[in-house]
Amino acid sequence: MGFLISSLLDIFGFGIGIPVGILVGFFLFVYSDPKDVQEQDVRPVSQLDSSTLVDILPDLPFWVKNPDYDRVDWLNKFILNMWPYLDKAICETIKSTAQPIFAEYIGKYQIEAIEFEKLSLGTLPPVLQGVKVYKTNEKELTMEPAIKWAGNSNIILVLTLHSFPFRIQLVDLQIFAAPRIILKPLVPTFPCFASLVLSLMEKPHVDFGLNILGGDIMSIPGLYRFVQETLKKEVAKLYLWPQTLEIPILDATTGATKKPVGILNVKVVRAFKLLKMDFLGASDPYVKLHLSGERLPAKRTTVKRKNLNPEWNENFKLIVRDPHTQVLELHVYDWDKVGGHDKLGMQLVPLKLLTPHETREFTLDLLKNTNISDPHKKQRGKIVVELTFDPFKEENELSSGHLNGYGKKESRISRNSDDDTMSGAGLLLVTIQGAEDVEGQRHNNPYAEILFRGEKKKTKMMRKTRDPLWNEEFQFMLEEPPLGEKIHFQVMSHRSGFGFRSKESLGHVDIDLTDVVHNGRINNKYHLINSKNGQIHLVIRWKMI
């Protein structure tokens, strides 16, 4: 009986309550006075109090907090539009990279299979909160973006153990990082840089949840902090500056000449049983020699008059850039006073046959050309040469010293001036990159001159410019390090037409080479004397045998 009475009261209350509620709500909506919507208090950052500023400071982008960072909203819009395609491309790369790693663990620890059930980085792309670009004297581009990414990624990895699948889901992935990206060296071949060098300037912040069997194991007390610290430590060991990750983009030789790696010492000893080319009398032989792939003029011996068995005993030094592929070319000619010189023969010597620092004598049969299977082959005589390949010392060999009081390595050269490393032959490489703000009174067609030990060299002339870019390299082979010596640079301008005062000096500077010998390399811009604002950009290197 009580149950029936309570049910009737519930039905009666529900039937009366709904109409009464609707009626009261209608009268309140119609007859109540509306209130004005209050506007939010929007104030500049400079007017906020200290407590409010501290709360919002972590969320401010880098270009607000640091004037060195540039705002890159346009790049963020580009990434946002490209993100659906970048997401698929990155996920495919992750799958292809992880597949061989997973294959190593299949069959071990009772693991039967490892595969991605779902792999998506979500719809929210990373955001660049600013980019800092550095200006350097090197042929490279250095930038530091500030990256924040709080994505809605969906990553599920299925691990099959004893035929039972374990699903591991990565959720709420957040990454805050400040990497340094270096594009180097810059080359005139698309995409205009040969490699990409990455490093982290500070430990990254990585936050995520890990669901296993439906539960987030990162909520276990103490585990979250342990994983965070371990992850930061391991990433820092690999990529925290000065550790770097270099990703090759182009072949190292693409668009750029190889750096010198050593010197080939050639001694042209003698030749015998040469062909008689002159109708009246014997031949007047001389030898021209150069390395393949070099644009420098060929070296040549003296002419031995009327001699079919000449002896020269003359020494030459040639710059080697690739001892594995370069070849020494020897050409013997008969000198003629009138007309072209007749070719007596030639021969090739691959540098890969040489052992560093070991002298080797070659007695070579002279050939008409490089075609070994020539059916008209005849005896053209022989030539005897002695070859020695002396590679340059590595930079770490020259700088291998003890740590001084400031934590820097002292150069072995500077610590002991009487050491053997102070003596010996070497190569002085001078690269004139360009000049800035060089202005002449009558014309601006600048070129640069180098004067060193009485030898003068000059760059090509650039017409009608105050900021010429030459990027030309000059080489000086020396028997001793140029300690205490100076090299003279002068920027000149040449009138393109005829007239008086066709040449004009735009400034000069003298560089002491002692620092170059001690440090191995300098890369600086120097102010030109007798120039208002002119500067010249020089890279000078000393390579010791």
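Our subject is the structure listed above.
This is a predicted model, so every value here is computed, not measured. (Residues numbered from 1 in each chain as written. Predicted model: local features only at pLDDT ≥ 70, side-chain atom pairs only at ≥ 80, totals over all residues. Heavy atoms only, no water.)

**A few points about the environment of phenylalanine 474**
Basically, it comes down to this: For helices the rule is a DSSP run of H or I covering at least 4 residues; for strands it is a run of E covering at least 2, with both sets numbered from the N terminus onward. Working rule for contacts: check all heavy atoms of both residues, and any pair within 4.5 Å makes them a contact.
Note that phenylalanine 474 resides in strand β22 (residues 469-478). Sequence separation between phenylalanine 474 and isoleucine 450 is 24 residues; the distance between their C-alpha atoms is 8.9 Å. Setting aside chain neighbours within four positions, we find phenylalanine 474 in contact with Leu428, Leu429, Val430, Ile432, Ile450, Lys457, Lys458 and Thr459.

**Quick look at a nonpolar patch on the surface**
We count it as follows: Patch rule: a residue counts if its relative accessible area is over 30% and it has no salt bridge; like charges are joined within 9 Å, and nonpolar side chains (Val, Leu, Ile, Met, Phe, Trp, Tyr) within 5 Å. With residues, only the protein chains shown are counted as cover, and all accessible areas are computed by Shrake-Rupley using a 1.4 Å probe. By convention in these notes, a salt bridge is any Lys or Arg side-chain nitrogen within 4 Å of a carboxyl oxygen on Asp or Glu. For the exposure calls, accessible area comes from a 1.4 Å probe over protein chains only, and a residue counts as buried if that area is under 20% of its type's maximum, exposed if over 50%, partly exposed in between.
Together, Phe78, Met82, Tyr85, Leu86, Ile90 and Ile94 line one region of the surface with nonpolar side chains, adding up to about 530 Å² of accessible area. Structurally, leucine 86 is set in helix α4 (residues 73-105). Take leucine 86: its relative accessible area is 32%, and that puts it in the partly exposed class.

**Concerning the sheet that holds strand β23 (residues 486-494)**
What counts is decided by this rule: Any two strands with at least two DSSP bridges between them are considered paired. To get an axis, fit a line to the C-alpha atoms, keeping to the stretch in contact for a helix; angles then go from 0 to 180 degrees between the N-to-C directions.
Spatially, 4 strands are ordered β21-β20-β23-β24 in an open sheet, and the strand pairing comes out antiparallel. The open sheet is flanked by β21 (455-458) and β24 (503-512), the only strands paired with a single partner. Mean inter-strand twist for the sheet, computed between neighbouring axes without regard to direction, equals 20°. Of the pairings in the sheet, the one linking strand β20 (residues 446-452) to β23 comprises 6 bridges and is antiparallel in character. Along β23, the bridge assignment pairs glutamate 449 with glutamine 490.

**Notes on the environment of isoleucine 540**
With respect to the helices and strands, isoleucine 540 occurs in strand β26 (residues 535-544). Apart from the residues lying within four places of it in its own chain, the contact partners of isoleucine 540 are Leu428, Leu429, Val430, Phe489, Ile511, Leu513, Val516, Gly520, Arg521 and Ile522.

**Concerning α4**
Defined as follows: For a residue, the bend is simply the angle between two axes, fitted respectively to the seven-residue segment ending there and the seven-residue segment starting there.
The largest bend along α4 measures about 60° and falls at tryptophan 83, with the proline proline 84 one to four residues further on. The elements touched by buried residues of α4 are β1 (111-120), β2 (127-134), β3 (141-150) and β4 (154-161). Immediately downstream of α4, the backbone of glycine 107 shows phi near 95°, a positive value.

**What about the side chain of serine 195?**
Counted only if it meets this: Polar contact is the term for a pair of N or O atoms within 3.5 Å; when the atoms are in protein, one must be able to donate a hydrogen and the other to accept it, and sequence-neighboring residues count only if both atoms are side-chain atoms.
Looking at where serine 195 falls in the secondary structure, it is placed in strand β7 (residues 193-200). In this structure serine 195 comes out as buried when scored by relative accessible area, which is 6%. Within the structure, serine 195 has its side chain in polar contact with the backbone oxygen of lysine 184 (distance 2.5 Å). A polar atom in the side chain of serine 195 sits 3.4 Å from the side chain of glutamate 246. If near-sequence neighbours (up to four positions away) are discounted, serine 195 is found in contact with Ile182, Leu183, Lys184, Pro185, Glu246, Ile247, Pro248 and Ile249.

**Section: the nonpolar core**
Basically, it comes down to this: Only buried Ala, Val, Leu, Ile, Met, Phe, Trp, Tyr and Cys residues count toward a nonpolar core, and they belong to the same one when joined by side-chain atoms within 4.5 Å.
Formed by 29 residues in total, the largest nonpolar core has its most connected members in Leu428, Ile432, Phe489, Ile511, Ile536 and Ile540. Taken together, the elements giving at least two residues each to this core come down to β19 (426-436), β20, β22, β23, β24, α8 (514-519), β25 (521-527) and β26.

**A short note on the sheet that holds strand β18 (residues 382-391)**
Pairing in this open sheet of 4 strands is antiparallel, and the strands run β14-β11-β18-β17 from one edge to the other. In this open sheet, the two strands that pair with only one neighbour each are β14 (311-320) and β17 (360-365). Between one strand axis and the next, the sheet turns by 25° as a mean value, whatever way the strands run. When strand β11 (residues 262-272) meets β18, the two strands line up antiparallel, connected through 10 bridges. Bridged to alanine 271 within β18 is isoleucine 383.

**With respect to the pairing of strand β5 (residues 164-177)**
Relative to β5, β3 runs antiparallel, the two being bridged by 4 bridges. Residue pairing for β5: lysine 148 is matched across the bridge by phenylalanine 176. Across 7 bridges, β4 lies against β5 in antiparallel orientation. Paired with leucine 159 across the bridge in β5 is phenylalanine 166. Here β4 hands over to β5 after 2 residues, with histidine 162 in that stretch at a positive phi of 55°. As defined by bridge partners, β5 adjoins strand β8 (residues 205-212) across 7 bridges and the pair is classed as antiparallel.

**Describing the pattern of salt bridges**
Applying the stated criterion across every chain yields a total of 16 salt bridges. Note that arginine 71 and aspartate 73 form a salt bridge whose closest N and O atoms lie 2.6 Å from each other. Judged by relative accessible area, aspartate 73 falls into the partly exposed class, the value being 34%. Close ionic contact of arginine 521 with glutamate 138 constitutes a salt bridge, the shortest N to O distance being 2.7 Å. One end of the pair, arginine 521, is in strand β25; the other, glutamate 138, is in the loop between β2 and β3, and 383 residues separate them in sequence. Under the relative-accessibility criterion, arginine 521 is labelled partly exposed at 34%.

**Some remarks on the packing of aromatic side chains**
To keep things clear, this is the line we draw: Geometry of aromatic contacts follows a simple scheme: Phe, Tyr and Trp rings, the Trp one being its six-membered ring, pair when their centres are within 6.5 Å, and the pair is stacked under 30 degrees between planes, edge-to-face over 60, tilted otherwise. The rule is short: NZ of Lys or CZ of Arg within 6 Å of the ring centre and within 35 degrees of the ring normal puts a charge over the ring.
On inspection of all chains with the given rule, the structure shows 5 aromatic pairs. When the centroid spacing of 6.2 Å and the interplanar angle of 70° are considered together, the rings of tryptophan 83 and tryptophan 149 count as edge-to-face. With tryptophan 83 in helix α4 and tryptophan 149 in strand β3, this pair connects stretches of sequence that are 66 residues apart. Given the relative accessible area of 9%, tryptophan 149 is considered buried. Judged by centre distance (5.4 Å) and plane angle (75°), the ring pair of phenylalanine 452 and phenylalanine 476 falls under edge-to-face. Of this pair, phenylalanine 452 sits in strand β20 while phenylalanine 476 sits in strand β22, and the two are 24 residues apart along the sequence. Phenylalanine 476 carries the same exposure label as phenylalanine 452, and that label is buried. The residue whose ring lies beneath arginine 180 is tyrosine 134, and the NZ or CZ to ring-centre distance is 5.4 Å. Sitting over the face of the ring of phenylalanine 476, lysine 457 holds its NZ or CZ atom 4.3 Å from the ring centroid.

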